[in-house]
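# Secondary and tertiary structure notes
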Amino acid sequence: MYTQTYNKKSIKGKWCSTDMRTYSVAIAGATGAVGTEFIRLLESREFPLSSLRLLASERSVGRSVPFRGRPYCVELLTADSFAGIDIAFFSAGGSRSKEFGPAAVAAGALVIDNSSAFRMDSGVPLVIPEINPEDIARHKGIIANPNCSTIVMLMAVEPLRRIAPIRRIVASTYQAASGAGAQAMQELVEQTHEVIHDRPISPRVFPFPIAFNLFSHNTKIDATGYNEEERKMINESRKILHAPELKITATCVRVPVVRAHSVSVNIEFETGRRPTLDTMRSALAAFPGVAIQDDVANNHFPMPIEASGVDDVLVGRLRYDLSNEDAVDLFVCGDQILKGAALNGVQIAEYWMRSHVRVDGRR
């Protein structure tokens, strides 16, 4: 599938550690798209579990979910759900995270939250393990998973930032239906079927038709003209990179792709500091979690259809910006549900387990 320059360096497969301790884990939002991926990853990576508790809203209570050869019953998410839990993965939406996250922390759990509820809280680390794992040590019970587009973009930006200082980033996203959850993915499939058969469509999840269409990301626009998704990319990138003055702008667009986000990125280095293309390719190739897909001869570059279901972020179309002697352009694709959400969360937990870092003195 990925011939030419494809490589795999991210931590995959079986969990490996000299620490034989096992952990009790809860997943809040276990029946959603990201929650389902959390369950699959815990099994495929042989996460060292002593117990698993699946939590969701009333409509999913009682559902049976298979895990490691046995059925698990989905329980109601409440403030009392976290007794005895070591690690709680939250992917139930921001309001649920704010309501139940503190209760999980109070019960002694480490909360790894996939919503935007705590991302910009100064006391909550915002972590991409390949980029800023040292921030995990600062947690006070909650670690935030960044926005999916932020993760996908920064996985390509960080290898280049490490070899030369960056002055400005311009990002344009092509965001899949998966970013709005399982129902949005299903809506795209259903609308496509309806359009093909010349039937009227009635959007339910999205405000506009998503099949054979694209539109500005459907989040609230502020007084500056930026929407919430664009603000997330700007503010979260600065926090993760510890670069509060970094110049960055973004335009976020929803496209008719089921799964995996794409980002067109223009990176401007400080004057006279732009590396050579070979140097940049080497930096990208060596970076964990990045796979180069840059087959110029066959015009084969990152595509969401090939990034779907893949742990690595695919990077290609690397070229000098002919309009700016200090800038380069590249194109990035990453699975929004994997590295953009569940995989990043599981990697945070794995890093925490390896380092045994707890600022409150607890393991």
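This is a predicted model, so every value here is computed, not measured.

Reading across from one edge, β5-β2-β1-β6-β7-β8 is the order of the six strands in this open sheet, with parallel pairing throughout. The sheet is open, and its two borders are formed by β5 (75–76) and β8 (142–144), each paired with just one other strand. The strands touched by helix α1 (residues 33–44) within the sheet are β1 (23–28), β2 (49–56) and β6 (87–90), with β1 carrying the most contacts at an inclination of about 155 degrees. Packed on one face of the sheet, helix α8 (residues 338–355) meets β1, β6, β7 (110–113) and β8 and runs near 160 degrees to β6.

Another point: the packing of aromatic side chains. Tallying each qualifying case throughout the model produces eight aromatic pairs. Judged by centre distance (6.4 Å) and plane angle (70 degrees), the ring pair of F47 and F89 falls under edge-to-face. Placement of F47 in the loop between α1 and β2 and of F89 in strand β6 is noted, with a sequence separation of 42 residues between them. A centroid spacing of 5.8 Å and a plane angle of 65 degrees characterise the contact between Y174 and F331, whose relative ring orientation is edge-to-face. Taken together, the positions of Y174 in strand β9 (residues 166–175) and F331 in strand β15 (residues 327–334) put the pair 157 residues apart, joining distant regions of the chain. Taking NZ or CZ as reference, R317 lies 5.4 Å from the ring centre of F301, over its face.

The next thing to look at is the layout of surface pockets. For the largest pocket, the calculated volume is near 1100 Å³. As for the largest pocket, its lining consists of 42 residues, and the residues nearest its centre are S91, G93, G179, A180 and G181. Sorting the residues of the lining of the largest pocket by element identifies α1, β2, α2 (94–106), α4 (182–196) and α5 (228–241) as the ones contributing at least two each. With three residues, α4 is the largest single contributor of residues to the lining of the largest pocket.

Let us look at the nonpolar core. F82, M153, V265 and I267 are the most contacted members of the largest nonpolar core, which has 57 residues in total. For this core, the element with the most residues is helix α3 (residues 148–161), which contributes eight residues. Setting aside chain neighbours within four positions, we find M153 in contact with I169, A171, M233, S237, I248, V263 and V265. The next biggest cluster of nonpolar side chains, apart from the first, holds 44 residues, and it includes V25, F67, L343 and A349.

Let us now look at the confidence of the model for the protein chain. The predicted model of the protein chain has a mean per-residue pLDDT of 92, with 92% of residues at 70 or higher. Low pLDDT (under 50) marks residues 1–13, which in the prediction has 42 contacts with non-local residues, meaning those over four places away or in another chain.

A few words on the sheet that holds strand β10 (residues 215–216). Two orientations exist for strands paired in a sheet by backbone hydrogen bonds: parallel and antiparallel. Taken together, seven strands build an open sheet; the order of strands is β10-β11-β9-β12-β15-β14-β13 and the sheet is mixed. Among the strands making up the open sheet, the edge pair consists of β10 and β13 (290–292). As judged from the eight bridges shared by β9 and strand β12 (residues 261–269), these two strands associate in the antiparallel manner. Note that in β12 the partner of T173 across the bridge is V263. Where helix α6 (residues 277–286) meets the sheet, it contacts β12, β13, β14 (313–320) and β15, and its direction lies at approximately 175 degrees from that of β14.

The interhelical angle for the contact between α3 and α6, taken along N-to-C directions, is 120 degrees, at an axis separation of 9 Å. Relative to α6, the element α3 lies oblique. In this structure, the crossing between α3 and α6 has a hand that is right-handed. Taken together, the residues of α6 that come into contact with α3 (itself represented by A156, P159 and L160) are M280, A283 and L284. Split into classes, the residues belonging to the contact of α3 with α6 amount to six nonpolar, no polar and no charged.

A contiguous nonpolar patch, built from V195, I196 and F212 and spanning about 320 Å² of accessible area, is present on the exposed surface. You can see F212 is positioned in the loop between α4 and β10.

Attention shifts here to α2. Between the first and last C-alpha of α2 there are 18 Å, a value that for 13 residues agrees with the 18 Å anticipated at 1.5 Å per step. Of all bends in α2, the biggest is about 35 degrees, found at F100, and the proline P102 comes one to four residues later. Packing partners of the buried residues in α2 comprise β6, β7 and β8. Positioned one or two residues after α2, G108 has a phi angle of 105 degrees, which is positive.

Definitions and limits used
- Residues numbered from 1 in each chain as written.
- Predicted model: local features only at pLDDT ≥ 70, side-chain atom pairs only at ≥ 80, totals over all residues.
- Heavy atoms only, no water.
- Pairing = 2+ DSSP bridges.
- Helix = DSSP H or I, 4+ residues; strand = E, 2+ residues; numbered from the N terminus.
- Contact = heavy atoms within 4.5 Å.
- Axes fitted to C-alpha atoms, helices over the stretch in contact; angles between N-to-C directions.
- Phe/Tyr/Trp six-rings, centres within 6.5 Å; stacked < 30°, edge-to-face > 60°.
- Lys NZ or Arg CZ within 6 Å of the ring centre and 35° of its normal.
- 1 Å grid on protein atoms, 1.4 Å probe; cavity = no way out; pocket = protein on both sides within 12 Å on 5 of 7 lines; lining within 4 Å.
- Points joined across faces, edges and corners; volume = space filled by probe spheres on them.
- Core = buried A, V, L, I, M, F, W, Y, C linked by side-chain atoms within 4.5 Å.
- Buried < 20%, exposed > 50% of the residue type's maximum accessible area, 1.4 Å probe, protein only.
- pLDDT = per-residue confidence, 0-100.
- Parallel < 35°, antiparallel > 145°, perpendicular 65-115°, else oblique.
- Left-handed = near helix turned anticlockwise from the far one by under 90°.
- Nonpolar A, V, L, I, M, F, W, Y, C, P; charged D, E, K, R; others polar.
- Patch = residues over 30% accessible without salt bridge, like charges linked within 9 Å, V, L, I, M, F, W, Y side chains within 5 Å.
- Areas by Shrake-Rupley, 256 points an atom, 1.4 Å probe, with all protein chains shown as cover.
- Salt bridge = Lys/Arg side-chain N within 4 Å of Asp/Glu carboxyl O.
- Expected span 1.5 Å × (residues − 1).
- Bend = angle between axes of the 7 residues up to and from the residue.

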